[in-house]
Amino acid sequence: MDHDRPLLRLVFPDLVVELVALLEAEGERELALCAWDLRLFGECGCRDDFCQSLRTSDHPEGQPYGEGHRCVPLLPSSGMVNLDVVHGRIMYVEIIDRPPLVRR
């Protein structure tokens, strides 16, 4: 059940504040509202030192998202942040070449 997963804003509050601001700047108001309630399902696991990507939904590894998927590129002050969104739900936050996330 999703409620067993920690809220991303409690684990990485600075990231969520930034995501909300970036989404608002891109005119993605609905996704900005959704970002506040994202849950942390896990980290990427690729072990690349430049990657800090996070899974925010349960999805089989290596499987395409399929119908309703879109990528939402954001414009952070450093590095790269992209979201995988399916039918209005943020499934994955790709975080590349950024300062280390601060876990609370």
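The preceding data block contains the structure.
Described below are features of the structure shown in this document. (Residues numbered from 1 in each chain as written. Predicted model: local features only at pLDDT ≥ 70, side-chain atom pairs only at ≥ 80, totals over all residues. Heavy atoms only, no water.)

### Topic: the state of the cysteines
Put plainly, a disulfide is one covalent bond tying together the sulfur atoms of two cysteines. Following the criterion strictly, the structure yields zero disulfides and no others. No disulfide involves C46; its sulfur sits 3.7 Å from that of C44, the nearest cysteine. Unpaired in terms of disulfides, C71 finds its nearest cysteine sulfur in C51, a separation of 14 Å. Residue C71 is classed as partly exposed on the basis of its relative accessible area of 44%. (Disulfide = S-S within 2.5 Å. Buried < 20%, exposed > 50% of the residue type's maximum accessible area, 1.4 Å probe, protein only.)

### A word on the pairing of strand β4 (residues 80-86)
Most of β4 is tucked away, with six of its seven residues classed as buried. Looking at chain direction, strand β3 (residues 69-74) and β4 are connected through six bridges and run antiparallel. Across the sheet, residue H69 finds its bridge partner in β4, namely V86. The antiparallel hairpin formed by β3 and β4 contains five residues in its connecting segment, where G79 sits at a positive phi of about 65 degrees. Where β4 and strand β5 (residues 89-96) come together, seven bridges link them in antiparallel fashion. Within β5, the residue paired with N82 across the bridge is E94. (Helix = DSSP H or I, 4+ residues; strand = E, 2+ residues; numbered from the N terminus. Pairing = 2+ DSSP bridges.)

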